[in-house]
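Remarks on the overall topology
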Amino acid sequence: MMYAPVRYSEADYPRIDYQRREQFWDPIRLTLFILAIVAIIGIAIGIVTHFVVEDDNSFYYLASFKVTNIKYKENYGMRTSRDFIERSHQIEKMMSRIFRNSSGEGRFIKSHVIKLSPEKNGVNILMVLVFRYPSTDNTERIRKKIERILYQTMKTKQLPLTINKPSFTLTSIDRKKMRNLLKSRCGIRMTSSYMPLLAFSSTERIVQGRKTSMEGEWPWQASLQLKGKGHQCGASLISNTWMLTAAHCFRKNKDPSQWIVTFGTTITPPAVQRSVGKIIIHENYHQETNENDIALAQLATRVEFSNVVQRVCLPDSSIKLPPKTSVFVTGFGSIVDDGPTQNHLRQARVETISTEVCNRKDVYDGLVTSGMLCAGYMEGKIDACKGDSGGPLVYDNHDIWYLVGIVSWGQSCALPKKPGVYTRVSRYRDWIALKTGI
Ligand code: ARG
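Residues numbered from 1 in each chain as written. Predicted model: local features only at pLDDT ≥ 70, side-chain atom pairs only at ≥ 80, totals over all residues.

Under an unreviewed UniProt entry, the name given to the chain is Transmembrane protease serine, and the source organism is Sus scrofa. Regarding the chain, the UniProt comment filed under Subcellular location (unreviewed entry) reads as follows: "Membrane". (UniProt positions renumbered as here; feature names shortened; annotations may be inferred.)

**Some thoughts on the sheet that holds strand S1 (residues 58–67)**
If you trace the four strands from one edge of the open sheet to the other, you get S2-S3-S1-S4, paired in antiparallel fashion. Bordering the open sheet on either side are strand S2 (108–119) and strand S4 (163–173), each of which pairs with just one other strand. Within this sheet the neighbouring strands show an average axis-to-axis angle of 20°, counted without direction. When S2 meets strand S3 (residues 122–132), the two strands line up antiparallel, connected through ten bridges. Bridge assignment links Val 113 to a residue of S3, and that residue is Met 127. Contacting S1, S3 and S4, helix H4 (residues 139–156) crosses the sheet at an angle of about 155° to S4. Across the sheet, helix H5 (residues 175–183) is in contact with S1, S2, S3 and S4; its angle to S3 comes to roughly 130°. (Pairing = 2+ DSSP bridges. Helix = DSSP H or I, 4+ residues; strand = E, 2+ residues; numbered from the N terminus. Axes fitted to C-alpha atoms, helices over the stretch in contact; angles between N-to-C directions. Contact = placed C-beta atoms within 7 Å.)

**Let's talk about the site of the ligand**
Around the ligand there are 13 residues in total, and Ala 384, Ser 389, Gly 410, Cys 413 and Gly 420 lie nearest to it. Each residue belonging to the shell around the ligand can be placed in one class, and the counts come to five nonpolar, five polar and three charged. (Near = placed C-beta within 6 Å. Nonpolar A, V, L, I, M, F, W, Y, C, P; charged D, E, K, R; others polar.)

Here it is as C-alpha cells:
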C-alpha cells in the first residue's frame, strides 16, 4: 500500500491524497483515538463524581445517651474547661474504638461531643457521629446498623463508660443541622463539605513556611489594616464580634475608625470585611519591655461563622504546654526580615520552648516574663516575622484548636537562638473575660 502512489498517473493524484487520508484514519488508529477520548471522558467523570458523590456519602447522626458510672462536674458546662475536654476525648475515643473495630470498618469518620448535661445518677451526652456509606444505602438502615454495632459492643466488650441502653437515641440529621451543631463549638476547621478537617501535618511557613492550601484552613485568622496603608497586623477571632491581637499594633494609631479587618486566605480579595468599632489595649502594656502585649478589637458589625470564618478556642488559664509541643503560627507577614507583606496567608509549624531555656544568657537573657511564651527552633530558620504581629499561635488538641499565643516580638526573624516570643494567652484569660464577657 505504501508504495502504491508510484503506479498512478498524474491525473490520479487527488485520489492518492484521498487514500493517504484514509490511511491516516485506518481502523486501528481510529479505534485507538476513540478509546483515548472515551478514557479521557471516563477519567473526567470519575474525578467529578469522586468529589461530588463522595460528599453525598456522609451520613450524620445525633446521639444522646446517659452514662451512669460518672458524676456531673460543674465545669462540664464550659466547653473549654479541662474537665469538659478530657471527658469528651474519652467519649470520642470510645466511639472510634467501638466503630473502627466493627465489621463496618472504615465507615466511621468521626464523632464530636456537643454537650454534657447533668442527669439523675449520671451524665447525659449529646454528640454527633459521622459515617460514610455508599449513597445507595438509606439513612434508616444505617441507623439500625450503628445501633446494632453499639449494642453488641456493649455486651461483648468492657467499655470505660457505662451507657444506659434505654436512654440511647440516635437521630439522623442533615448536613446543615450538623454544621449548625458544630458551629456552636470553637476551634473547628471545616471544608466546603462541612466536614471537620482532620488535622494534617502541614509544616513550616512565614520565614521558611508554606502557603496555606485551603480556604478555611485557619478561619480565625484576620488581617488588621489601616485605611490607605494596608495590612499592619494579624488578629484572631474569638467570638462573632471580638478579636484578640497585640497591643503594639496600635502604637501608632488607636482610632478604631481608621482600622478595618478582613478574613480569608488572601488580603485581596478578602472573604469578609468589617470596620472596627472599639479598641481595648491592656492597661499595663509596656512598650520598652513588651509586657502585656495584648489588645482587643471589636468589629462594628458581627460576622457570621461559616466555612471560612470561625472563632478559635481560648485556653483555660490552667493550660500547660510542655516544651517541644507542636504549635502553628500563621500570618501575612514578611518572609524575610524587612520584606513585604504577603497577600496569601502562610503557616509554620514551630515548637514551644521553655521560658527557662528562652531566658538563657545566649538566648534572650532574662527578657522573657511570665506573660510570654517562646516558640520556634534553637537553630532558627522557621519563625514568624514582621507583619505577623498580633496573629495567632495555635495548638491542636484532638482537632480543636486553641489560641495559646499572640505574635509579639523577636530579635530579627528566624535567627539561631532567637525564637519568636508570643503573648501567653492563658495568662490573660481573666482579663479577656473581664473586658468582653467571653
Ligand atoms: N513585632 C513584629 C511585628 O510587628 C513581629 C515580631 C515577631 N518576630 C519574630 N521573630 N517572631 O510584626
